[in-house]
Amino acid sequence: MSVETVVTEDDLAEMVEQVWASYLDPEGVSPLIPTGDDKQGTEVHSTVSITGTWHGHLVYASSMLAARKAAAAFLAMEVDEVGQEDISDVLGELANIVGGNVKAMLPAGCFLSLPTVVLAPETASYYPAAERISGLWGTWDGEAISISMWQSVKREEAA
């Protein structure tokens with residue numbers, strides 16, 4: 001089953017917009033601006049895996065500065081007060097929130113993993129048995145942000 005028939009890019013965009021309005025930009029002064037640029041570089045990645053009746057990943061990725069700003073907004077702190085642990089906690093929570101919303105739209109019997117956060121260039125995050133099926137790419141205060149969905153690919157077993 002392809003998740004594309006269940007969770008559309010518009011659905012993903014709506015979920016992310018709700019997260020932005022609730023946690024990162026409640027006053028509506030600094031929205032996430034979609035660019036469609038799936039080649040933009042990112043330095044921080046948080047992932048939750050979905051297993052059960054559907055297998056895949058939701059990946060929240062951003063520049064380090066966007067991650068720092070997200071942590072500051074989420075935790076009601078100043079940007080210069082944010083540490084790496086704060087970044088890791090908040091980005092994991094953002095992936096968990098969006099991943100939970102995605103899971104709710106999938107067929108019954110799906111489970112959500114705990115988030116994994118990698119503070120490294122995008123080349124450090126690699127999903128060899130999955131293909132990207134949708135995503136939202138944009139900027140927030142001029143910094144790169146992306147939220148993408150990856151579906152696991154079944155590999156034929158050797159006979």
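Before any of the text, the structure's been laid out above.
The sections below set out a description of the structure shown in this document. On a predicted model such as this, the values are computed, not experimentally measured, just so you know.

## Regarding the side chain of Ser46
Here's step 1: Structurally, Ser46 can be placed in strand 2 (residues 44–52).
Here's step 2: At 2.8 Å, the side chain of Ser46 forms a polar contact with the backbone oxygen of Leu91.
Here's step 3: For Ser46, the contacting residues outside a window of four places in its chain are Leu58, Val59, Tyr60, Leu91, Gly92, Ala95, Thr116 and Val117.

## What about unusual backbone geometry?
Here's step 1: The residue Ala76 is not glycine, and still its phi comes out positive at about 55°.
Here's step 2: Take Ala76: it is sitting in the loop between helix 2 (64–75) and helix 3 (84–105).
Here's step 3: The class of Ala76 is exposed, set by a relative accessible area of 74%.
Here's step 4: Notably, Asp141 is not glycine yet its phi reads approximately 55°, a positive angle.

## Examining helix 1 (residues 9–24)
Here's step 1: Within the span of helix 1, buried status applies to Leu12, Met15, Val16, Val19, Trp20 and Leu24. Down the axis of helix 1, the smallest arc covering the buried residues is 140°, so these residues share one side. Exposed residues lying more than 90 degrees from the buried face of helix 1 are Asp10 and Glu17.
Here's step 2: Where helix 1 is buried, its residues contact strand 3 (56–62), helix 2, helix 3, strand 6 (130–140) and strand 7 (143–152).

## Notes on the nonpolar core
Here's step 1: Within the largest apolar cluster, 36 residues are counted, with the highest numbers of intra-cluster contacts made by Leu58, Tyr60, Leu91 and Val102.
Here's step 2: Among the secondary structure elements, those contributing two or more residues to this core are helix 1, strand 2, strand 3, helix 2, helix 3, strand 6 and strand 7.
Here's step 3: The leading source of residues in this core is helix 3, at eight residues.
Here's step 4: When residues no more than four places from it in sequence are discounted, the contact partners of Val102 are Val7, Leu12, Met15, Ile50, Leu58 and Met149.

## Considering the packing of helix 1 against helix 3
Here's step 1: For the pair helix 1 and helix 3, the least separation of the axes is 10 Å and the interaxial angle reads 140°. By the angle class used here, helix 1 and helix 3 are oblique. Of the two elements, helix 1 crosses helix 3, and the hand of that crossing is right-handed. Counting all contacts with helix 1, which are made through Asp11, Leu12, Met15, Val19, Tyr23 and Leu24, the residues of helix 3 involved are Leu94, Ile97, Val98, Asn101, Val102 and Met105.
Here's step 2: By residue class, the composition of the contact of helix 1 with helix 3 is ten nonpolar, one polar and one charged.

## Things to note about the packing of helix 2 against helix 3
Here's step 1: Packing of helix 2 against helix 3 leaves a shortest axis separation of 9 Å and a crossing angle of 80°. Put simply, helix 2 runs roughly perpendicular to helix 3. Every residue of helix 3 that contacts helix 2 at Met64, Ala67, Arg68, Ala70, Ala71, Phe74 and Leu75 is listed here: Asp86, Ile87, Val90, Leu91, Glu93, Leu94 and Ile97.
Here's step 2: The class makeup of the residues in the contact of helix 2 with helix 3 is eleven nonpolar, no polar and three charged.

Rules used in this analysis
- Residues numbered from 1 in each chain as written.
- Predicted model: local features only at pLDDT ≥ 70, side-chain atom pairs only at ≥ 80, totals over all residues.
- Heavy atoms only, no water.
- Helix = DSSP H or I, 4+ residues; strand = E, 2+ residues; numbered from the N terminus.
- Polar contact = N/O pair within 3.5 Å; in protein donor to acceptor, adjacent residues only side chain to side chain.
- Contact = heavy atoms within 4.5 Å.
- Buried < 20%, exposed > 50% of the residue type's maximum accessible area, 1.4 Å probe, protein only.
- Arc of directions from axis to C-beta.
- Core = buried A, V, L, I, M, F, W, Y, C linked by side-chain atoms within 4.5 Å.
- Axes fitted to C-alpha atoms, helices over the stretch in contact; angles between N-to-C directions.
- Parallel < 35°, antiparallel > 145°, perpendicular 65-115°, else oblique.
- Left-handed = near helix turned anticlockwise from the far one by under 90°.
- Nonpolar A, V, L, I, M, F, W, Y, C, P; charged D, E, K, R; others polar.

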